[in-house]
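# Close look at the chain arrangement
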Amino acid sequence: MTDRSSGGAEDGDSSAILIPLQEARRERLDQPVRFDRRELDEILRLYGRMVAANEWRDYAIDHLADRAVFSVFRRASEVPLFQIVKDPKLARRQGAFAVIAAGGRILKRGQELGRVLGVFDPKLKVVEA
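Counting of residues starts from 1 at the beginning of each chain's written sequence and follows it residue by residue. The predicted nature of this model means local features are confined to residues of pLDDT at least 70 and side-chain atom pairs, given and counted, to a pLDDT of 80 or more, with totals for whole chains, interfaces and linings taken over all residues. Each side-chain value is derived from all of the structure's non-hydrogen atoms; neither hydrogens nor water enter the calculation.

## A word on the overall build of the protein chain
Looking only at helices and strands, one finds 4 helices and 5 strands in the protein chain. Strands here are runs of E lasting at least two residues and helices are runs of H or I lasting at least four, both read from the DSSP assignment and numbered beginning at the N terminus. What you see in the protein chain, going N to C, is helices and strands ordered as α-α-α-β-β-β-β-β-α. Burial here depends on accessible area, computed with a 1.4 Å probe over protein chains only, as a share of the maximum for the residue type. Under 20% is buried, over 50% is exposed, and the range in between is partly exposed. For the protein chain, with 129 residues in total, the buried portion stands at 26%. Should any heavy atoms of two residues lie within 4.5 Å, those residues are considered in contact. Long-range pairs, those at least 24 residues apart, make up 28% of the contacts in the protein chain with a sequence separation of at least 6. Of the roughly 10,100 Å² of accessible surface on the protein chain, 51% is carried by carbon and sulfur atoms. Areas reported as accessible are Shrake-Rupley estimates using a 1.4 Å probe. Residue values count occlusion only from the protein chains shown.

What follows is the structure, encoded as structure tokens:
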């Protein structure tokens with residue numbers, strides 16, 4: 001039997017790992033920008049509605065070093081109809097989220113993803129009886 005009454009004092013020094021702050025920041029900066037779970041849930045709910053309406057058929061997600069892009073296609077062989085972009089560098093100025101049309105025109109930009117995705121909400125029409 002081994003004596004465990006020492007409380008593991010010798011293990012305390014070996015379990016402490018110090019990482020220089022510059023190294024930790026460098027590792028975090030090397031990771032690509034990603035959509036978090038809440039953002040991806042909102043985007044995929046919109047995508048499901050548009051697929052059910054037979055508007056969209058395919059999508060692609062790109063996680064780049066400076067931004068994350070959710071591209072929407074009518075057919076897989078075409079250019080994307082729309083791109084939903086998350087660019088954290090623009091968060092304080094114009095808003096981190098943007099919806100970009102196929103021609104490159106920015107349809108909407110803002111701080112909150114829900115409001116930016118509102119550009120896809122159906123417009124109400126006046127119906128005369």
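## A word on a nonpolar patch on the surface
Grouping into patches uses exposed residues only, defined as over 30% relative accessible area, and leaves out salt-bridged ones; the cut-off is 9 Å for like charges and 5 Å for nonpolar side chains (Val, Leu, Ile, Met, Phe, Trp, Tyr). A pairing counts as a salt bridge when a side-chain nitrogen of Lys or Arg comes within 4 Å of a carboxyl oxygen of Asp or Glu. Where nonpolar side chains cluster on the molecular surface, the patch consists of Leu44, Tyr59 and Ile61 and spans about 230 Å² of accessible area. Looking at where Tyr59 falls in the secondary structure, it is placed in strand β1 (residues 58-63). Owing to a relative accessible area of 36%, Tyr59 belongs among the partly exposed residues under this scheme.

## Structural notes on the pairing of strand β3 (residues 82-86)
For a regular strand, side chains alternate in direction, first toward one face of the sheet and then toward the other. Here, strands pair whenever DSSP counts at least two bridges between them. Where strand β2 (residues 68-73) meets β3, 5 bridges bridge the pair, whose relative direction is antiparallel. The residue of β3 that forms the bridge with Ala68 is Lys86. Bridging between β3 and strand β4 (residues 97-101) involves 5 bridges; their strand directions are antiparallel. Opposite Val85, over in β4, you have Ala98 as the bridge partner.

## Some remarks on the pattern of salt bridges
Under the counting rule described, the total for this entry stands at 7 salt bridges. A salt bridge links Arg38 to Glu39; the shortest N-O distance between them is 4.0 Å. Taking the shortest distance from any N to any O, the salt bridge between Arg49 and Asp121 comes out at 3.6 Å. Remark: Asp121 occurs in the segment after α4 (113-117) and Arg49 occurs in helix α3 (residues 37-52); sequence separation between them is 72 residues. The class of Arg49 is partly exposed, set by a relative accessible area of 45%. Here the residues in one salt-bridge network are Arg38, Glu39, Glu42 and Lys86, joined through shared partners.

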